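Now for the letters of each chain:
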Amino acid sequence: MLLPHPSMAEQTEIVRRVDELFAHADRIEQQVNNALARVNNLTQSILAKAFRGELTEQWRKDNPELISGENSAEALLKRIQAERAAVAGKKKPRKVVKKAADGD
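The shown structure was predicted, so the numbers you read here are calculated from the model rather than taken from an experiment. (Residues numbered from 1 in each chain as written. Predicted model: local features only at pLDDT ≥ 70, side-chain atom pairs only at ≥ 80, totals over all residues. Heavy atoms only, no water.)

**Student:** How would you explain the overall build of the protein chain if you had to name every residue and give the values?
**Tutor:** Summing up its helical and strand segments, the protein chain has 3 helices and 0 strands in all. From first element to last, N terminus to C terminus, the protein chain shows the α and β order α-α-α. Residues classed as buried in the protein chain amount to 3% of the 104 residues present. Just so you have it, the protein chain exposes about 10300 Å², and 59% of that area is on carbon and sulfur atoms. (Helix = DSSP H or I, 4+ residues; strand = E, 2+ residues; numbered from the N terminus. Buried < 20%, exposed > 50% of the residue type's maximum accessible area, 1.4 Å probe, protein only. Areas by Shrake-Rupley, 256 points an atom, 1.4 Å probe, with all protein chains shown as cover.)

In structure tokens:
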């Protein structure tokens, strides 16, 4: 039985193109990894600035009504605590399984 196959020159060209595509895929993968590293660093930087209060200074000046009264940090914390207490009250107590003593 004869199986048709490309000529040696065509096979060589196919291998060259596949190698080229793999190299391109490797470059893209490296770019993605670099971008992910930058995003992770940026996320950490943003969180650090947020905890230092650097992200909210201008926003606070522009929106004082959104950070006072019922929107203050203290009021929000009280609401969170109340929600947690409500959820904790709804939890079913765990059943304790007693182990039989040896020889019983």
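**Student:** Please give an account of helix α1 (residues 8–52) that cites residues and values.
**Tutor:** End to end, α1 covers 66 Å across 45 residues, agreeing with the expected 66 Å (1.5 Å per residue, within 8%). Downstream of α1 by a residue or two, G53 has a phi angle that is positive, lying close to 85°. (Expected span 1.5 Å × (residues − 1).)

**Student:** Help me get a handle on a nonpolar patch on the surface, residues and values and all.
**Tutor:** Where nonpolar side chains cluster on the molecular surface, the patch consists of I14, V18 and F22 and spans about 280 Å² of accessible area. Mapped onto the elements, I14 comes out in helix α1. For I14, a relative accessible area of 43% puts it in the partly exposed group. (Patch = residues over 30% accessible without salt bridge, like charges linked within 9 Å, V, L, I, M, F, W, Y side chains within 5 Å. Salt bridge = Lys/Arg side-chain N within 4 Å of Asp/Glu carboxyl O.)

**Student:** Lay out the pattern of salt bridges in plain terms, naming residues and giving numbers.
**Tutor:** A full pass over the atoms with the stated rule returns 4 salt bridges. The salt bridge involving E20 is made with R16; its shortest N-O contact spans 3.0 Å. With E20 and R16 both in helix α1, this residue pair falls 4 residues apart, about one helical turn. We classify E20 as partly exposed; its relative accessible area is 46%. Note that K78 is salt-bridged to E74, the shortest N-O span being 3.6 Å. With a gap of 4 residues between them, K78 and E74 both fall in helix α3 (residues 73–90), about one helical turn apart. In terms of burial, K78 and E74 fall into one category: exposed. One continuous salt-bridge network, built from bridges that share partners, spans E13, R16, R17 and E20.

**Student:** Explain the confidence of the model for the protein chain to me, and be specific about the residues and the numbers.
**Tutor:** Predicted confidence across the protein chain gives a mean pLDDT of 80, with 83% of residues reaching 70 or more. Element-level pLDDT for the protein chain is lowest in helix α2 (residues 57–62), with a mean of 75, against a maximum mean of 89 in α1. (pLDDT = per-residue confidence, 0-100.)

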